[in-house]
Amino acid sequence: MSALSARWLLGHHQDNPYFAFTDACNAEGVRIILASGQACVWYRLTLASKDGDWLIQESDAACAGVLNQLAKLGARYRLGAPLHPRWLQAGWSSHFEATDHAGLRLRFDFVSRPPRISAERLALIWQESESGLPAVVQPLDLVQLKRTMRLKDYPFIGALAHVVRDPLSQLACDIDAQSVLDLLDAHPELEQHLASRRPA
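Fair warning: this is a prediction, and the values are worked out from it, not measured in the lab.

*Asks:* Kindly report on unusual backbone geometry, identifying the contributing residues and their values.
*Replies:* Phi at arginine 44 takes a positive value of approximately 60 degrees, unusual for a residue other than glycine. Locating arginine 44 in the fold gives a position in the loop between α3 (36–42) and β2 (52–56). What makes arginine 44 partly exposed here is its relative accessible area of 47%.

*Asks:* Go over the pairing of β2 with me, naming the residues and quoting the values.
*Replies:* Side-chain positions along a regular strand alternate between the two faces of the sheet. Counted residue by residue, β2 has 5 buried out of 5 residues, so it is predominantly covered. The side-chain alternation of β2 yields two buried faces, one formed by Gly52, Trp54 and Ile56 and the other by Asp53 and Leu55. Relative to strand β5 (residues 105–111), β2 runs parallel, the two sharing 4 bridges. Bridge assignment links leucine 55 to a residue of β5, and that residue is valine 111.

*Asks:* Hey, could you go over the nonpolar core for me, with residue numbers and the actual values?
*Replies:* In terms of nonpolar packing, the biggest core is built from 42 residues, with Phe21, Ile56, Val66, Phe108 and Phe110 touching the most fellow members. The contacts of isoleucine 56, once residues within four sequence positions are left out, are Arg31, Ile32, Ala62, Cys63, Val66, Leu83, Leu88, Phe110, Val111, Ser112 and Trp126.

*Asks:* Tell me about the packing of aromatic side chains, residues and numbers included.
*Replies:* Applying the stated criterion across every chain yields a total of 11 aromatic pairs. On the numbers, 4.9 Å between centres and 55 degrees between planes, the contact of phenylalanine 21 with phenylalanine 108 is tilted. With phenylalanine 21 in helix α2 (residues 17–25) and phenylalanine 108 in strand β5, this residue pair connects regions lying 87 residues apart in the sequence. Here phenylalanine 21 falls in the buried class, since its relative accessible area comes to 4%. Seen in terms of ring centroids, tryptophan 42 and tyrosine 43 are 5.1 Å apart; in terms of plane orientation they differ by 90 degrees. Their pairing is edge-to-face. Each of the two residues, tryptophan 42 as well as tyrosine 43, counts as buried. Site record: aromatic cluster; members linked through ring pairs are Tyr18, Phe21, Trp54, Tyr77, Phe96, Phe108 and Phe110. Here the guanidinium or amino end of lysine 146 rests over the ring plane of phenylalanine 156, the centre of that ring lying 5.1 Å away.

*Asks:* Go over the side chain of glutamine 38 with me, naming the residues and quoting the values.
*Replies:* With respect to the helices and strands, the residue glutamine 38 is situated in helix α3. Note on glutamine 38: relative accessible area 2%, which makes it buried. Not counting residues up to four positions away in its chain, the partners in contact with glutamine 38 are Asn16, Tyr18, Phe19, Ser49, Asp51 and Gly52.

Analysis parameters
Residues numbered from 1 in each chain as written. Predicted model: local features only at pLDDT ≥ 70, side-chain atom pairs only at ≥ 80, totals over all residues. Heavy atoms only, no water. Helix = DSSP H or I, 4+ residues; strand = E, 2+ residues; numbered from the N terminus. Buried < 20%, exposed > 50% of the residue type's maximum accessible area, 1.4 Å probe, protein only. Pairing = 2+ DSSP bridges. Core = buried A, V, L, I, M, F, W, Y, C linked by side-chain atoms within 4.5 Å. Contact = heavy atoms within 4.5 Å. Phe/Tyr/Trp six-rings, centres within 6.5 Å; stacked < 30°, edge-to-face > 60°. Lys NZ or Arg CZ within 6 Å of the ring centre and 35° of its normal.

Put into C-alpha cells, the structure is as follows:
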C-alpha cells in the first residue's frame, strides 16, 4: 500500500467500496478525487450515499487507469459520454455501474470540470491532492459542488459550515439562524462582512 493510500484509509471506513476504488485508482499517483455524496460520507456528515462521484484528471493515463479498475469490477457504461480526455475537456461526464460480490449496486460518475469551481481553483485542488492531502475535495469546494437546485443538498452545506474552521467561511455557509447569531456573538468583527456574505 502506498503512503498516499495509507493516509487515505487512516481512521476511516475501510469497508467503503468507493473509498477502496479511490485508493486502487490512485495507487500510483492521484488520478481521481472523491466528491459530492461520498465526500460527505468521508467527512462523516452522512452514513451513506447512493453512488460515487469523482473529479478525474484530463489525461490518457488517468482514464486508462480508471477504466482498468472499473473493468476489474465488471462495470458497464450507463448513459453518458466515453471516459476519454477529449470528452472530459468538452465538459461531458461519464457514468458506470457494477454489482459487487454481495449483490450491492455500485455507481461511478466522473467529471473533470465540475460546476461552480473555477479553473484556477481546480488547478489548486489537484496540486493540494498531489502534495499529500487525502484524495477528497476540501469542505469549501464541497460547498460549491452542493450549491445545486436540489433542496436536499442544502443541509449538507449547513453541516459543512461546522467542518470548516474559518469563521468568515462559516458565516457564508451556515444555514441555521441561531448558529449564525451565535457566530456573530463569538466573532463580532464579522458583522462588517454580513451584507456581502449574507445579502438576504
